[in-house]
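# Structural description and commentary
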Amino acid sequence: MKRVSILTFALVFSCVTHVFAAGDEKNGHAYFTKAELPDMTKILPPFPEFESARFVADQSQHLWGKLVRQDEARAAQAQNDAVYSMQTAIDAYSPLFGLEISKDDTPAIYAVLQDVLASCDSIYSGAKAKFNRQRPYAYYNEGTLIPEKEEKHRNEGSYPSGHTVFFWTSALLLSDISQSNEAMEKLLARGYEFGQSRVIAGYHWQSDVDAGRMAGSVLYQLIRSHERFIDQLAKARAEFKEKTGGSSSVSSATRSMQPEGTARIYRLDGTPASDTTTGIVIENGQKRVRK
């Protein structure tokens, strides 16, 4: 299949722009300017060169993603996960967090989430521009699960995945607020799914997503030492305890917010499984063998 050459792609790609979906994260107050953050190109490894041995793994995962699209429910989730907004994070994470997050009912939690997410773009946008990697659907000249966004992002760098940074960092924050291992397991499992959704949708290589998780972790580590964040985190934790009755576990709250029969079962690659799935799965945060 004919491919766009790397040289041609580099000439066409002169700048990176990231278009946000409507969301309150744009109104947050970032903790750092881009200049104050480390250069992720000096932290992340280079992406696998096209046609290299390492690239074979990315190609294999791309094929995996196309197979997973045949699962209508998982394909629909990947499409929903593609909406880059704070509300998408709130809708996905609130049931696992054990508390419905909103501007009116949980103002402290809402405010710190807003500021953390407002900080995400600055950690990865410069690396996207410098690495200037071609997206998988452009490389193969094929369609994706979100066809209406293909032209907009065709000439935008692929490495690291900004969606992954955004949703992984939010999962780290909410895990930190809850101070519950049970909540952390659920939130990070769902955060992992957000990244895999980018592979399934056809917008990112697996190594893009892996790099996005690393960039998000770097950002959150820096944010945790920021004086304003330290104060916000304390208020958010106090609010969480007050709203949940001081419980360190989210079991009852999570169950009350989820429809009956929606057990959280995952395969080892992070994709949702069903009650009929056999083999090794992650069920309710525990590794189990289903026969």
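Preceding block: the structure.
So, here's what we can say about the structure. No experiment lies behind these values; they were computed from the predicted model shown. (Residues numbered from 1 in each chain as written. Predicted model: local features only at pLDDT ≥ 70, side-chain atom pairs only at ≥ 80, totals over all residues. Heavy atoms only, no water.)

## Here we look at the packing of aromatic side chains
By the definition in use, this model includes 20 aromatic pairs. Taking the centre distance of 4.8 Å and the plane angle of 90° together, the rings of Phe-131 and Tyr-159 count as edge-to-face. One end of the pair, Phe-131, is in helix H6 (residues 120-131); the other, Tyr-159, is in the loop between helix H8 (150-153) and helix H9 (162-178), with 28 residues separating them in the sequence. Each member of the pair, Phe-131 as well as Tyr-159, is classed as buried. Ring centres 5.0 Å apart and planes at 80° place the aromatic pair Phe-166 and Phe-167 in the edge-to-face group. You'll find Phe-166 and Phe-167 in the same group, each marked buried. Among the aromatic residues, those joined into a ring-pair cluster are Phe-47, Phe-50, Phe-55, Phe-131, Tyr-139, Tyr-140, Tyr-159 and Trp-205. Lying over the aromatic face of Phe-194, Arg-190 brings its terminal NZ or CZ to 4.2 Å of the ring centre. (Phe/Tyr/Trp six-rings, centres within 6.5 Å; stacked < 30°, edge-to-face > 60°. Helix = DSSP H or I, 4+ residues; strand = E, 2+ residues; numbered from the N terminus. Buried < 20%, exposed > 50% of the residue type's maximum accessible area, 1.4 Å probe, protein only. Lys NZ or Arg CZ within 6 Å of the ring centre and 35° of its normal.)

## Some thoughts on a negative patch on the surface
Together, Asp-91, Glu-100, Asp-104 and Asp-105 make up a negatively charged patch on the protein surface. Structurally, Asp-105 can be placed in the loop between helix H4 (86-97) and helix H5 (107-118). With relative accessibility at 49%, the residue Asp-105 sits in the partly exposed group. (Patch = residues over 30% accessible without salt bridge, like charges linked within 9 Å, V, L, I, M, F, W, Y side chains within 5 Å. Areas by Shrake-Rupley, 256 points an atom, 1.4 Å probe, with all protein chains shown as cover. Salt bridge = Lys/Arg side-chain N within 4 Å of Asp/Glu carboxyl O. Lys, Arg positive; Asp, Glu negative; His and termini not counted. Charge placed at Lys NZ, Arg CZ, Asp CG, Glu CD.)

That's the geometry; what it means functionally is another story.
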